[in-house]
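Examination of the molecular architecture
If you want the building blocks of each chain, they are given just below.
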Amino acid sequence: RLHRYQLKIIQTLISGATPMKRRALLCVKTGGGKSAVVQVTATIMRGIHIILVPLLALGADQVSKGNSARSPFSQSIHAIHLDEVHQPLQVASLREFLSNMSMAKTLIIVASPQSLLKTLPWNSLLLDCAHTRNLVRGVYVDEYHLFASFGSSFRPEFEASG
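Source: prediction; values computed, not measured.

Moving on, we get to helix 2 (residues 34–45). Taking 1.5 Å of rise per residue, 12 residues should cover 16 Å, and helix 2 covers 17 Å from first to last C-alpha, within 8% of that figure. For helix 2, the complete set of buried residues consists of Ser-35, Val-37, Val-38, Gln-39, Thr-41, Ala-42, Thr-43 and Met-45. In the segment just after helix 2, Arg-46 is the residue with positive phi, at about 55°.

What follows is the structure, encoded as structure tokens:
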């Protein structure tokens, strides 16, 4: 069951008339339910949801939770960690998925800021999904306190990623 604060955040994220009205800040301890908020929001809104993470282990946990999620709202839920896509078959699979991405699917992309800033084989497809096909529905920053506490000395790429 979701907590009241999770439901309120989810409602804010899915009901805002414009992207600026769909902004929220959730500060809870580890295990407080941030992943559940992202998963529920992503499955209701469908499309692509990007989670920026500062550490690879956090990203792996997000992908595991995303791939184990089930939803009546979306026929297809997938989660990937861009920092883990290296093999040619993985790259080809991601390119194929992005090429055929539609609002009938939910894709949760977990990535370090570095992986979003690199020139990679799927970047143009991801930009096409974002700008031409309007499929990017949410961007989330996990462990933002690390950036807020240490500034760009922690990971300058957080600031560069916007």
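After that view of the structure, there is still more to cover.
Moving on to helix 6 (residues 123–132). All of the buried residues in helix 6 are Asn-123, Leu-125, Leu-126 and Cys-129. Once helix 6 ends, the next one or two residues include Asn-134, with phi positive near 50°.

Here the focus is the nonpolar core. Soluble globular proteins tend to bury their nonpolar side chains together. Counting residues in hydrophobic clusters, the biggest one holds 17 residues, and the most contacted among them are Ile-48, Leu-98, Met-101, Leu-107, Ile-109 and Trp-122. Among the secondary structure elements, those contributing two or more residues to this core are strand 1 (47–52), helix 4 (88–99), strand 3 (105–111) and helix 6. Here the element with the most residues in this core is helix 4; it accounts for 4 residues. Excluding its chain neighbours within four sequence positions, the residues that come into contact with Leu-98 are Ile-48, Leu-107, Trp-122, Leu-125, Leu-126, Cys-129 and Arg-133.

A word on the confidence of the model for the protein chain. Counting all residues, the mean pLDDT for the protein chain is 77, and 72% of those residues have values of 70 or more. Averaged over each element, pLDDT in the protein chain is lowest for helix 3 (residues 56–68) (61) and highest for helix 1 (residues 4–15) (90).

Each value, and the rule that gives it
Residues numbered from 1 in each chain as written. Predicted model: local features only at pLDDT ≥ 70, side-chain atom pairs only at ≥ 80, totals over all residues. Heavy atoms only, no water. Helix = DSSP H or I, 4+ residues; strand = E, 2+ residues; numbered from the N terminus. Expected span 1.5 Å × (residues − 1). Buried < 20%, exposed > 50% of the residue type's maximum accessible area, 1.4 Å probe, protein only. Core = buried A, V, L, I, M, F, W, Y, C linked by side-chain atoms within 4.5 Å. Contact = heavy atoms within 4.5 Å. pLDDT = per-residue confidence, 0-100.

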